[in-house]
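Residues per chain are reported as follows:
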Amino acid sequence: MSKHCTNPYRPIETTVIDVVTESPTIKTIRLKPSEQITFETGQFIALTIPGIGEAPFTPSSRPSVKDTMDITVMKVGKVTDKIHELKKGDIVGLRGPLGTGYPVDTFKDKEILVVGGGVGLAPLRSLMYALFDRSQEFKKIIFRGGCKTPSDIIYQDEIAGWEKRKDLDLRLTVDVGDKAWKGHVGLVTTILDGIDIDHRNSIGVVCGPPIMMKFATFKLLELGFGDENIYLSMEKNMSCGIGKCGHCRLGIYYCCLDGPVFSYDKIKDFPEIWD
Ligand SMILES: Cc1cc2nc3c(=O)[nH]c(=O)nc-3n(C[C@H](O)[C@H](O)[C@H](O)COP(=O)(O)OP(=O)(O)OC[C@H]3O[C@@H](n4cnc5c(N)ncnc54)[C@H](O)[C@@H]3O)c2cc1C
Ligand code: FES
């Protein structure tokens, strides 16, 4: 929570300063809050559209950038439809940061495999920036991303830049290609085979739709990753975002406080994990 905000339900007035169309269903909105907000990668914020409602999103921007914040939003319903109509200069409300993000400090001296799908690439863009900012601390950084079709790949210009980085091993796949697509075709789990990684000293990070997270996690376990070394971002339905309403319960945890980022060992036995 912002140190200036005494009422945890009071959103901070925030101006939309840019809107980028990433794909037919996904836009990135650049926000400038009227108070500086510092977040850790993997934490989330609650965005209010006046007169419509509030919804949670994970910042997709570089955590070290303090005066603006990007969110990348897939259009799925009432609030997200309105977010897709936002223009430069519009005013929205923002609460946060909320929850617990990726424990990047504990990734030191490890090999890191980041696996993302669809709009799950949004929190991972922020994580990748956080890793790039201190990449000399990690033994290896590997990124594997999957989308339905080539036109569903978000952050295309940025990913083109990532492909040139010497400190990153990057590969993308699509479920269904088109004439222009020269890359791999198949689910993201099909590009996890044959990765050169020491699973005894590795961290796996998985973010995407529940079905993708389930099978990518099982694949990492098959590759030898320990339960405690796989991190998942659990996007359960949320309301208050501060541990009061119980909407986001996952077993003994509240996703809004104890998560959304959890290591797999903490949550693997809860029946609702992949719902
Ligand atoms: C911690 C957290 C971080 C998130 N980060 C992002 C993000 O970075 N980008 C992004 O696009 N979305 C993100 N989401 C999901 C986003 O919050 C929902 O898509 C949004 O609340 C839907 O609101 P709506 O009013 O547009 O849709 P509604 O009209 O409420 O619902 C439309 C459809 O979306 C489904 N839905 C609603 N809420 C969620 C949810 N929390 N998770 C999955 N499906 C949901 C509903 O079941 C329904 O099928 C995040 C969710 C959480 C909990
Ligand atoms: S959203 Fe209310 S307790 Fe987590």
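Within every chain, residues take consecutive numbers counted from 1 along the sequence as written. Note on labels: chains are lettered from A, ligands numbered from 1, in written order. Local features in a predicted model are, by the rule used here, given only for residues with pLDDT of at least 70; side-chain atom pairs are given and counted only at 80 or more, and totals for whole chains, interfaces and linings are based on all residues.

Engineer: Before we go on, may I ask you to explain the environment of Leu98 in this structure?
Structural biologist: Examined against the element boundaries, Leu98 turns out to sit in strand β6 (residues 91–98). Neighbour counting defines burial: a residue surrounded by 20 or more other C-beta atoms within 10 Å of its own C-beta is buried, one with 12 or fewer is exposed, and intermediate counts give partly exposed, using backbone-placed C-beta atoms. Since 23 C-beta atoms lie within 10 Å of it, Leu98 is described here as buried. Spatially, the C-alpha atoms of Leu98 and Phe44 are 5.2 Å apart, while their sequence positions differ by 54 residues. Beyond its immediate chain neighbours, meaning those up to four positions away, Leu98 contacts Gln43, Phe44, Ile45, Ala46, Gly241, Ile242 and Cys256. The secondary structure listing takes helices from DSSP runs of H or I that are at least 4 residues long and strands from runs of E that are at least 2 residues long, numbered from the N terminus. Throughout, a pair of residues is in contact if the C-beta atoms placed from their backbones lie within 7 Å.

Engineer: What should I look at first to understand the sheet that holds strand β8 (residues 140–147) in this one?
Structural biologist: Pairing between sheet strands relies on hydrogen bonds along the backbone, with the strands arranged either parallel or antiparallel. Taken in spatial order, the seven strands make up an open sheet running β10-β9-β8-β7-β11-β12-β15, and their pairing is mixed. The open sheet is flanked by β10 (184–185) and β15 (261–263), the only strands paired with a single partner. One ladder, built from two bridges, connects strand β9 (residues 169–174) with β10; its direction is parallel. For Val174, the partnering residue across the bridge sits in β10 and is Val185. Following DSSP output, two strands are said to pair if at least two bridges run between them.

Engineer: What am I meant to see in unusual backbone geometry here?
Structural biologist: Most peptide bonds take the trans form, and the phi angle of most residues other than glycine is negative. The omega angle of the peptide bond from Gly96 to Pro97 is 5 degrees, so this bond is cis rather than trans. Within the secondary structure, Pro97 is located in strand β6. Looking along the chain, the bond that leaves Gly259 and enters Pro260 is cis, with omega of 10 degrees. Topologically, Pro260 is positioned in the loop between α5 (255–258) and β15.

Engineer: Got a minute to help me understand the site of ligand 1 in this structure?
Structural biologist: Contact assignment follows one rule, namely that a residue is near a molecule or strand if its backbone-placed C-beta atom lies within 6 Å of it. Taken together, 22 residues lie around ligand 1, and Ala55, Gly77, Val79, Thr80 and Glu235 are the ones closest in. Of all the secondary-structure elements, those providing two or more residues to the shell around ligand 1 are β4 (53–57), β5 (69–74), α1 (78–83) and α2 (121–132). The dominant element in the shell around ligand 1, judged by the number of residues it contributes, is β5, at four residues. Note that Gly is not counted as nonpolar here; it falls among the polar residues with everything else outside the nonpolar set of Ala, Val, Leu, Ile, Met, Phe, Trp, Tyr, Cys and Pro and the charged set of Asp, Glu, Lys and Arg. Here the residues of the shell around ligand 1 are counted per class, giving 14 nonpolar, five polar and three charged. An automatic or database domain assignment is the source of the domain bounds shown. Looking at the shell around ligand 1, you find at least three residues from each of domain 1 (12–98) and domain 2 (104–233).

Engineer: What exactly am I supposed to notice about the domain arrangement of the protein chain here?
Structural biologist: Interface size is commonly expressed as the accessible area that is lost once the parts come together. In terms of domain boundaries, the protein chain breaks down into domain 1 (12–98) and domain 2 (104–233). The C-alpha-based centres of domain 1 and domain 2 are spaced at 24 Å. Breaking the side of domain 1 that touches domain 2 down by element, the ones donating at least two residues are β1 (12–23) and β5. Its residues placed into classes, the side of domain 1 that touches domain 2 shows five nonpolar, eight polar and two charged.

Engineer: I keep staring at the sheet that holds β5 and nothing clicks. Help me out?
Structural biologist: Pairing is antiparallel in the open sheet, where six strands are placed in the order β4-β3-β6-β1-β2-β5. One side of each edge strand has no neighbouring strand; the edge strands of this open sheet are β4 and β5. Averaged over all neighbouring strand pairs, the angle between strand axes comes to 40 degrees, with direction disregarded. As paired strands, β1 and β6 are joined by four bridges and run antiparallel to one another. An axis is simply a line fitted to the C-alpha atoms; with a helix, the fit covers only the stretch in contact. Between two such axes, the angle follows the N-to-C directions and lies from 0 to 180 degrees.

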